[in-house]
Structures are given as structure tokens and as C-alpha cells.
Amino acid sequence: MYRYDETDHTLIRERVAQFRDQTKRYLSGALNEEQFLPLRLQNGLYIQRLAPMLRIAVPYGLLSSAQLRRLAEITRKYDKGYAHFTTRQNVQLNWPQLEDVPDILADLAEVEMHAVQTSGNCIRNTTTDQFAGVAQDELVDPRPYCELIRQWSTFHPEFAFLPRKFKIAVCGASNDRAAIRAHDIGVQIVKNAQGELGFQIFAGGGLGRTPVIGVVIREFLAEQDLLSYLDAIVRVYNQLGRRDNKYKARIKILIKAMGAEAFAERVEEAWQQSKNNADKLTDDAIAWAKGFFSQCNYRSFDNTHTEALLQKQAGESKAFARWLARNSFPHRVAGYRAVTLSTKPTGVPPGDVTDHQLEAIAELADRYSFGEARVTHEQNIVLADVEQEKLFEFWQDARKHGFATPNIGTLTDMICCPGGDYCSLANAKSIPVAEAIQRKFDDLDYLYDLGDLDLNISGCMNACGHHHLGHIGILGVDKRGEEFYQLQLGGSGSEQASLAKVLGPSFSREEVPGVVAKLLDVFVERRLPDELFIDTYHRIGAQPFKERVYAKPS
Amino acid sequence: MPSPVNSHKTPAGPQPQNPAELIVDGAVVANDWHLLQLLGEDEPLPTVAALPAGKLILPVSLWLLLRQELLSRQQEIGVWLDSDESAELIGDHGAELPLIAIHFCSFADGRGFTSASILRQRYGYQGELRATGRFMQDQLTYLRRCGFNAFAFEGGAPLDSLLDSLQDFSESYQAASDQPLPVFRRRPLC
Ligand code: SF4
């Protein structure tokens, strides 16, 4: 993974010093609330319903075991001993004290971490595929580009006060696991007809009140032009994006208003003026960035042997077989698999882990996976390089720490925002809904039979739980001061991205699991053999689901 | 996006106050420029002869109308861009100007960072680039990096106390007006 050099260390240290001074000025009254707001936000600090919340950046989701251990210490020292993984691959602390935040940031800086630009109207943490570098369907590893984008976007002097937040995601594989079409800019690594490596650029995607699927604004961008082109997009947005209404300030609204073509032309114009500037990437810089991510410690294995061993172990233990089928992912190197640790056993808020679990992840990473772990967009953890021979042992270890729930990709592996239990913007709680659904659908055979199914829950239309991208989306709404839930169907964050559509009138919290059960009944009755929920939905449409859910009792 | 010239432009927000002292090139100095605010709705367009003598900063909308006639006073005419006016309005004409001020009607409105960068990077503007309005102390480093060298601060704190904030960071990742090379062209890449 990327390692800081003196430049990075200096910058992050100076940032901590700057924020220490700002916090002091705020506490002494020299900075007022309004002035302190953007400063604390750009250092990841929100003031939430119950306490401040600190969002710590995990660049493109990658963590070392040393960083995980430091996070564990921080949660013990400054918080209540747990942390929360977010859908943007970051980590949140829910109970820090404002006065402690400069110290927390200093502790993070020692392990090459920070909370810079995890909030506020600036360029946020760049996200990517949790299987980057190991996936079989990958063209090239997206992480070197993510790191180059991280450096370009961090402390960018021109883009710290944009009209609104700005999110970039990069995908290097044919299956989009980074939901790039739901980002302000989505970067898809491609090859052109000449076989040259480059990028297809999407822009204007985003969720929230006005969900939009991003559109292609450039079919092919040469590799060395990545940063100058991103710079041109953000520059045009900074000039033209609306600032009169925060709900209309995202780039998606600008692109809708101008039209994608006119927007692309504006970017092209701006870019033509700057494309040959110093921001043009050099071959050396690209090779240097790639050097940090080329994992070369793989052992070689006789695949027939390791596969046979796995089959035997799976034959002997149904529980292991289930876990293997759901929680492991094929690796490009023979004899290895990537493994997902589920943070979603029933009854635990999705994405929450304790300090001991953070240390357990570090331990597992050290023992089995080159000391590295990744946070996934679905709020789980991936250890990307586990030897197949050791999977059985790994599974036993993971189980002890509560990470082996074999539900990855199933209905109960849901994305869920913190909702009304923590978030001051919420219309409704989301965690209890997730739990009620997990309790109702606890039969693994049934879940496996349903197959891959994304269920996403947000506590309000800010959509942190990506409900628009759920095959089934659940949105908390306020109905005359009471918490209600709207069901949506047909969303997807994949390369076939689509937005879920509202099914009809909303339901009370108690009704939600029963409604989900009816939706699943329709699916099970109508599906073709092995068809996935999303495909059945697209084939038969919303009507059969509506009829069942809103049928008058006879 | 040059918009049609409108002599009576509506202010984007509170207008520049043009304080008596400001920071230029890292030092606190007296402000020897007079600044003309935007014309009020029923104020008539002034003639060149009616403009005050001495160093004068005009709203860009007014300057664009009077530009030809003012060429004889070139060394003492500057312009200011409102928060919602883009650098392209001045473009290459910047070469005629000893001073361009960019106004921040609120600290959260970051358009001025782009205007400054465009003037310096695209048009090669060399003169004084002055930030006016409601920017914050904590934005000084970024403002400087985008090419501002003068800061007409309205925030009330003594100007001396702000100087350190011009150098909150001694390093940078990006190329900008203060640093021609991004970090990937400066690092030993091995
Ligand atoms: S979706 Fe709404 S309730 Fe949930 S975390 Fe985001 S803002 Fe809070």
C-alpha cells in the first residue's frame, strides 16, 4: 500500500497544527460557530444528535494492521470502544469530545492517517473496488490512480469551497463494485481500440434528494491526462454550480440544467487551456504510484491440490461450505482467495465493530493477508490475499470474532445508515429496521435460495444508506411526526446502474419486515430458475409486487 | 463566461469595504487605492472626467465600458470582480491592469479561488491580485496558493496576527500559482 514520505508527513502534521489552533480559537470565542463550521467539517468533524461525530479518511478503503490497531486504541481512549465503517469506505467515531479531536488527529497522523476532507463542500475521499488488484475481471489495479487523485485533491487550494461536496470513484474491473455511476465523477479504466490504457469518464451521478445516474462525458481519456481533466471538471463546476440553494448545488443539477453535451464542451474548453500544464502525469509518476500496489509476495501453489483440499473441507463442514460459497471471492493468483468479513450478524448495527474486533481484523490481516485490510462500500471488511490452504483455519479464527456470518451479498448483508439513533437529520431510525429484517429472515437456506439481493436502508432522503441503489430500498419518512418507511424497488449501483422506484404509500416500522416478506414471496413465485430478484423485477415490473403488498384483506 | 456588459450590475452580496490597511506580499501596508462600489440602481453612469483622481479600483462592469478612455491612466486604474463575475471578463486585458481585486461576498463562496487561478495560470496576469470581502484567516494559505498576493481583510482581527496563516503549509501536493510543479514532478520517484 502507499507509504507516506516526508512531504505527506509534513503536510499532515501541519494540518493537525492548523486545526489545533482553529479549535483553540473556537473554544476561546475568537472564531464563531459559522466560521468554525467549514473548518471542522473539512477535518471530518460533525456535530450530531448526541455528540460530535468524527469521520476518519480511509483512502480508497485500504488499511494496514498498524492503522487498525491505532484505530482500536483511539476508540478506547477517546470514544466508547467502537467504530463504524461507512459506505464511502471511511471510519466514523460516534462519541469523541470536541476538545480531543486535535489529539485524535495527531494520533492518526503517526500512522499515516487523517480526517481531511471527509466532510464539507470539497473533494472527498476517493473510493474504489474492494477487490482492487486481486479481482479476475480487472483490467488494471485502480489504486495507483486513486492515490494520484488523493494527492491532487488533498488540500487543493482552488477546490476547498465548492458549491457542494464532491465525490470521485474509480473502477478498474468489468463489474462495477464501486458504484461509480452514483458519484459526481466516475472513472472507469478502459482500453481503446488501439489497445491504449485510459479512462471513460462519467459525471453527474449522485443520490440524495435528486438521485441521478451519471452520464458519460468523455469516452476515452488518455492515462496521463487524468488529473488535468478532473481539474477542468471541478473548475467548471466551481464556476457554474449553483450556490443559491444547497439542494440544487451538486454537479448533477448543473449537468442536468446545461445538458451533458454542453457541460462536456465547457470542460473540454477549460481543459484545452490546461491539459499540457504541469498536472499532466508522467510515465515515471504512474510507475511510481503503481509500485506501491504491486503485491509480489505471493507463493505459488498447485491449484488442483488446494482446490481438492477445499472441496474436502467443505464436504465435511456445511457451515464452512456456506461461508466459503458466500464470503470468499476468486483471486487472480492461483491458490488465493479474497475473503469478506461480515460486520452484519443479526443484532449488530451494520458496519459497527468494537475495539477488540478492530484488533482482531489486524491480527487476521497480519496472519493471513500481508497485513492489509479493505473497507467495502457495503460496510464490510475484505482481506484480499488469503491462501486457500489456510481458509479453513481462517474461518475458524474469523468465527471467534463474530466475522464469519455467511451472508455476504444476501438480503441480510444490507447497507444501512446510522439513522435516527445517531443522526440529527434523520426522519426515522434505520438500525432497528435492519435488525427486524435480519431477525425475520434468519433461515440461511432461504437466503441462499433467494440469491444475491441488495437491500439498502436510509433514515432520510440524504440517502447515506444508498436506498436508491437497493434492489429493495427502504427510506425513512416523516408522516405527521411519526416514523414511516417507503419501499422502493429496482435500484442497482452496478454497471447496469438504475434507480429504485417508489412502490406506493409508506408503512409503519412494524409492518416493514412483513412487506419485505410479501415482496420476496412474489419473487419466489414468479422467478425463472436461478433468476435474481433484480432481474425478475425488470422482467415482470412493479405491478405484481404492488398488488401483493397493497392487497385489501379479503 | 463573459456576460453582456451591464453598467448597473446587481451586487452578489455585501460589497468590498476597502479598509485603510491591508496585507501585501506578506507585510501590513497602507491601502493607497480608492475603490468604487457598484452603481446604485438610479445612479447615472459616471463620465471618465468625473472619476476621482489617483489610484482607483473600478467595478469590472464599469471598467469594461470606459476601458478605452481610461488607457491614458493605465497605471492607476484597477478593477474588481464580484463573486459572481468570472475572470474571463478581463481575460488578456489583465496585462493593462496594475491591480485586480476579486471579491468574496461570503467565505463559503469559493468562486474567487478559481478566478484567481485562471488569471494567473491561463492569462499569465502579473500584477497585484487582491482578495477583498469576507474571506477568513483560515483561507489565507489557499488564497495565496491560488495567486493572491494582497489581502484586504475585513474580519476585524489585527492584520499582524494573520501573517502566520499565510504559511499554514510549507509543502503542497498540487501545482498552483505559488508552485509550478505538482509533487509527482518534484519527488524522487524511486
Ligand atoms: S441518510 Fe439521513 S438519517 Fe441516514 S445518516 Fe444520512 S443524513 Fe442521517
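This write-up is about the structure you can find in this document. The structure displayed is predicted, hence computed values, not measured ones. (Residues numbered from 1 in each chain as written. Chains lettered and ligands numbered in written order. Predicted model: local features only at pLDDT ≥ 70, side-chain atom pairs only at ≥ 80, totals over all residues.)

## A word on the overall build of chain A
Tallying secondary structure elements over chain A gives 18 helices and 21 strands in all. In summary, chain A has a C-alpha radius of gyration of 23 Å against a globular reference of 24 Å for 554 residues, a match within 12%. Seen through its principal axes, chain A has C-alpha atoms that stretch 65 × 60 × 55 Å. Restricting to contacts in chain A with at least 6 residues of sequence separation, those with at least 24 account for 67%. (Helix = DSSP H or I, 4+ residues; strand = E, 2+ residues; numbered from the N terminus. Rg over C-alpha atoms; globule rule 2.2 N^0.38 Å. Contact = placed C-beta atoms within 7 Å.)

## Section: the interface of chain A and chain B
Every contact between the two is made by 33 residues of chain A and, on the other side, 32 residues of chain B. Those elements that place two or more of their residues in the side of chain A that touches chain B are helix 1 (6–28), helix 2 (33–41), helix 5 (143–153), helix 6 (226–240), helix 8 (260–274) and helix 9 (283–291) of chain A. At six residues, the largest contribution of residues to the side of chain A that touches chain B is made by helix 1 of chain A. Per-class residue counts for the side of chain A that touches chain B are twelve nonpolar, 14 polar and seven charged. (Nonpolar A, V, L, I, M, F, W, Y, C, P; charged D, E, K, R; others polar.)

## A few points about helix 5 of chain A
Residue and element names in this part refer to chain A. In terms of burial, helix 5 is largely enclosed, as eleven of its eleven residues are buried. Burial in helix 5 covers these residues: Arg143, Pro144, Tyr145, Cys146, Glu147, Leu148, Ile149, Arg150, Gln151, Trp152 and Ser153. Tucked inside the fold, the buried residues of helix 5 contact strand 6 (127–128), strand 7 (168–171), helix 6 and helix 9. Backbone geometry just downstream of helix 5 places Phe155 in the positive-phi region, at approximately 60 degrees. (Buried ≥ 20, exposed ≤ 12 C-beta atoms within 10 Å, placed from the backbone.)

## Quick look at the environment of A:Pro350
Residue and element names in this part refer to chain A. Locating Pro350 in the fold gives a position in the loop between strand 12 (336–341) and strand 13 (352–354). Placed 124 residues apart in sequence, Pro350 and Leu226 show a C-alpha to C-alpha distance of 35 Å. Apart from the residues within four sequence positions on either side, Pro350 is in contact with Thr343, Lys344, Gln379, Met414, Ile415, Cys416 and Ala434.

## Quick word on the nonpolar core
Membership of the largest hydrophobic core comes to 203 residues, with the highest contact counts inside it found for A:Ile233, A:Ile361, B:Ile100 and B:Phe151. With nine residues, helix 6 of chain A is the largest single contributor of residues to this core. Setting aside chain neighbours within four positions, we find A:Ile361 in contact with A:Leu68, A:Leu341, A:Ala373 and A:Ile381. (Core = buried A, V, L, I, M, F, W, Y, C linked by C-beta atoms within 7 Å.)

## A closer look at the pairing of strand 19 (residues 482–489) of chain A
Residue and element names in this part refer to chain A. Counting buried positions over the eight residues of strand 19 gives six, a clear majority of the element. Looking at chain direction, strand 18 (residues 472–479) and strand 19 are connected through eight bridges and run antiparallel. Each residue of the ladder has a partner; that of Gly473, found in strand 19, is Gln488. Hairpin connection between strand 18 and strand 19: a loop of two residues separates the two successive antiparallel strands, and Arg480 in this loop has a positive phi of roughly 45 degrees. Pairing between strand 19 and strand 21 (residues 507–508): two bridges, direction antiparallel. Pairing of Tyr485 across the sheet is with Phe507, part of strand 21. As judged from the two bridges shared by strand 19 and strand 20 (residues 501–502), these two strands associate in the antiparallel manner. Considered in strand 20, the bridge of Leu489 is made with Lys501. (Pairing = 2+ DSSP bridges.)

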